[in-house]
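One-letter residues, chain by chain:
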Amino acid sequence: KTAGQYARGRVQRVYLPYLPVGIGMALLYSILPQLSAASRDWAWLPTLTLAPVNAATALSVAWTLKHEILFYTIFGLGYFSGRLPLVLGIWCAAIMVGLLFNLPPSVVLAPINLEFFMGIAVAVLSRRGWAPDWLLPIGAAFFAIWLGLGADPRLSPLTGLAFALIVLPAIRHERAGSFGVPSWLTFLGASSYAIYLVHKPVISVVARIYSANPYGLFALAVLAGTATGIAYYWLVERRLLQLKFGRLQLHSQRGLSR
């Protein structure tokens, strides 16, 4: 895969489903600023580009996408320059220095970026077949520690480490046929990005319509957010990705035929 194909693939996978929702929220807030229940500053630059700047996006949950785009950029630069371990090592060291010296918060040095390194470790170790079962209780312990500390979102690397330790042996057991993933769960996984994109605006609408019972509100919000996300995946995201990836596959087939 070339650098251009890599960049195009990331743009297609992240931006195509995101932009209709992100721009839609930006236009709504621009025309009807009173729609926001809280006074929240946002900017067009990160909303349109997901650039790793401290300004917020119009779609509130898209702050995580800024970290994702940052990772893809740094990973791509390291991979296609042939210096991936060095580039990732420098970035990881910079994050640790930022934590050690309590540097001002930034997207680039945020501790949540360490979770990308955990994902890389899971991919490498699972390919090598190292996934002992004793990682499961350790992962559960880290998750319990995070809960005991108040489930603080700022400590999310603890949950990232917990699930990395749990996923490793789970991958091995799935490959060995110890269990299978139901098709409905696979479909929910395919829809997860769409659910992520639309759930917050949908929950906001539901909360304004119904607030009689907190448990009922929770159930209704989960149902509405999930159903709307699935609909967005089926009607919008899936079609966009099929169109773009279909063209890429066509080019690949032509290349093979030559």
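Just so it is clear, the model here is predicted, and its values are computed rather than measured.

J.: Can you tell me about the overall build of the chain, naming the residues and giving the values?
T.: The number of helices and strands found in the chain is nine helices and zero strands. Counting helices and strands in the order they occur from the N terminus, the chain gives α-α-α-α-α-α-α-α-α. Taken along its principal axes, the extent of the C-alpha atoms in the chain is 55 × 50 × 45 Å. Residues classed as buried in the chain amount to 30% of the 258 residues present. Long-range contacts, defined here as pairs at least 24 residues apart, represent 61% of the contacts in the chain between residues at least 6 apart. On the chain, the mean spot of the 20 positive side-chain charges and the mean spot of the 7 negative ones are 13 Å from each other.

J.: Account for unusual backbone geometry, with residues named and values stated.
T.: Located in the positive-phi region is Leu50, a residue other than glycine, with phi close to 60°. Positionally, Leu50 belongs in the loop between helix H2 (44-49) and helix H3 (63-81). Look at Ala151: it is not a glycine, yet its phi comes out positive at around 50°. Structurally, Ala151 is set in the loop between helix H6 (135-148) and helix H7 (156-175). Residue class for Ala151 comes out partly exposed when judged on its relative accessible area of 28%.

J.: Can you tell me about the side chain of Ser191, naming the residues and giving the values?
T.: Tracing the chain through its elements places Ser191 in helix H8 (residues 183-209). On the accessibility criterion, Ser191 (0% relative accessible area) is buried.

J.: Account for the pattern of salt bridges, naming residues and giving values.
T.: Side-chain pairing between opposite charges can occur once the charged atoms of the two side chains come close. Applying the stated criterion across every chain yields a total of three salt bridges. Across the pair Asp133 and Arg172 runs a salt bridge whose closest N-O atoms are separated by 2.6 Å. A residue pair is termed long-range when its members are at least 10 positions apart, and Asp133 in the loop between helix H5 (114-128) and H6 and Arg172 in helix H7 qualify at 39 residues. Between Asp152 and Arg154 there is a salt bridge whose closest N-O contact spans 2.8 Å. What makes Arg154 exposed here is its relative accessible area of 70%.

J.: Let's hear about the nonpolar core: which residues, and what values?
T.: Formed by 40 residues in total, the largest nonpolar core has its most connected members in Tyr18, Leu50, Leu59, Leu65, Trp91 and Leu197. When contributions to this core are tallied by element, the ones reaching two or more residues are helix H1 (3-31), H3, helix H4 (84-100), H5, H7, H8 and helix H9 (214-257). A total of eight residues in this core trace back to one element, the largest contributor, which is H1. What Tyr18 contacts, discounting residues up to four positions off in sequence, is Pro46, Thr47, Leu50, Thr57, Leu59, Ala62, Leu65, Tyr193 and Leu197.

J.: Please set out H1 residue by residue, giving values where relevant.
T.: With 29 residues, H1 extends 39 Å from end C-alpha to end C-alpha; this agrees with the ideal 42 Å at 1.5 Å per step. Along H1, the sharpest change in direction is near 45° and occurs at Leu19; proline Pro20 comes one to four residues later. Taken as a whole, H1 has its buried residues at Tyr6, Gly9, Gln12, Val14, Tyr15, Pro17, Tyr18, Val21, Gly22, Met25, Ala26 and Tyr29.

J.: Residue-level account of the packing of H4 against H5, with values.
T.: In a pair of packed helices, the angle between the axes and the distance between the axes together describe the arrangement. Between H4 and H5, whose axes approach to 10 Å, the crossing angle comes to 140°. As far as their axial angle goes, H5 and H4 are oblique. Read as a crossing pair, H4 and H5 show a hand that is left-handed. Mapping the contact onto sequence places Leu88, Trp91, Cys92, Ile95, Met96 and Leu99 in H4 and Leu114, Phe116, Phe117 and Ile120 in H5. For the contact of H4 with H5, the class distribution of residues is 10 nonpolar, no polar and no charged.

J.: Please set out H8 residue by residue, giving values where relevant.
T.: Along its 27 residues, H8 runs just 33 Å from first to last C-alpha, ending more than 12% under the 39 Å computed at 1.5 Å per residue. For H8, the full list of buried residues reads Ser191, Tyr193, Ala194, Ile195, Tyr196, Leu197, Val198, Pro201, Val202 and Val206.

J.: Give me the confidence of the model for the chain: which residues, what numbers.
T.: Looking at the chain as a whole, the pLDDT averages 91, with 93% of positions reaching at least 70. Every residue in residues 245-258 is under pLDDT 50, and counting partners more than four places away or in other chains gives four contacts.

J.: Requested: an account of the environment of Val181, with residues and values cited.
T.: Mapped onto the elements, Val181 comes out in the loop between H7 and H8. If we ignore the near neighbours within four places in the chain, the residues touching Val181 are Glu174 and Thr186.

J.: Outline the packing of aromatic side chains, listing residues and values.
T.: In total, this model carries 14 aromatic pairs according to the counting rule given. Where Phe71 meets Tyr72, the ring centres are 5.8 Å apart and the plane angle is 50°; that geometry is what we call tilted. Owing to a relative accessible area of 11%, Phe71 belongs among the buried residues under this scheme. Through successive ring pairs, a cluster of aromatic residues spans Tyr6, Phe71, Tyr72, Phe75, Tyr79, Phe80 and Phe116. The positively charged end of Arg10 is found above the aromatic ring belonging to Tyr72, 4.9 Å away from the centroid. The ring of Trp234 has Arg238 sitting right over it, with the charged end atom 3.6 Å from the ring centre.

Rules used throughout
Here the residue numbers are simple positions, counted from 1 along each chain's written sequence. Local features in a predicted model are, by the rule used here, given only for residues with pLDDT of at least 70; side-chain atom pairs are given and counted only at 80 or more, and totals for whole chains, interfaces and linings are based on all residues. The side-chain values count all of the structure's non-hydrogen atoms but skip hydrogen atoms and water molecules. Put simply, DSSP marks the helices as runs of H or I at least four residues long and the strands as runs of E at least two long, and each gets a number from the N terminus on. For the exposure calls, accessible area comes from a 1.4 Å probe over protein chains only, and a residue counts as buried if that area is under 20% of its type's maximum, exposed if over 50%, partly exposed in between. By definition, residues are in contact when any of their heavy atoms lie within 4.5 Å. Counted as positive: Lys and Arg. Counted as negative: Asp and Glu. His and the chain ends are not counted at all. Lysine's charge is taken at NZ, arginine's at CZ, aspartate's at CG and glutamate's at CD. The rule for a salt bridge is simple: a side-chain nitrogen of Lys or Arg has to be within 4 Å of a carboxyl oxygen of Asp or Glu. Nonpolar cores were defined as sets of buried Ala, Val, Leu, Ile, Met, Phe, Trp, Tyr and Cys residues, with membership established by side-chain atoms within 4.5 Å. One less than the number of residues in a helix, times 1.5 Å, gives the span that helix is expected to have. Fitting axes to the seven residues ending at a residue and to the seven starting there, one defines the bend at that residue as the angle between these axes. Lines are fitted to the C-alpha atoms to define the axes, a helix being fitted only along its stretch in contact, and any angle between axes, read from their N-to-C directions, falls within 0 to 180 degrees. Orientation labels follow simple angle bins: below 35 degrees gives roughly parallel, above 145 gives roughly antiparallel, 65 to 115 gives roughly perpendicular, and whatever is left gives oblique. By definition, any crossing whose near helix is turned counterclockwise from its far helix by less than a right angle is left-handed, and any crossing with a clockwise turn is right-handed. Under the scheme applied here, ten amino acids are nonpolar (Ala, Val, Leu, Ile, Met, Phe, Trp, Tyr, Cys and Pro), four are charged (Asp, Glu, Lys and Arg), and all others, including Gly, are polar. One confidence number per residue, pLDDT, is output by the predictor and ranges from 0 to 100. Any Phe, Tyr or Trp ring, taking Trp's six-membered ring, that has another such ring centre within 6.5 Å forms a pair; planes under 30 degrees apart are called stacked, those over 60 apart edge-to-face, and the others tilted. As a reminder, the over-ring test applies to NZ of lysine and CZ of arginine, requiring each to be within 6 Å of the ring centre and within 35 degrees of the ring normal.

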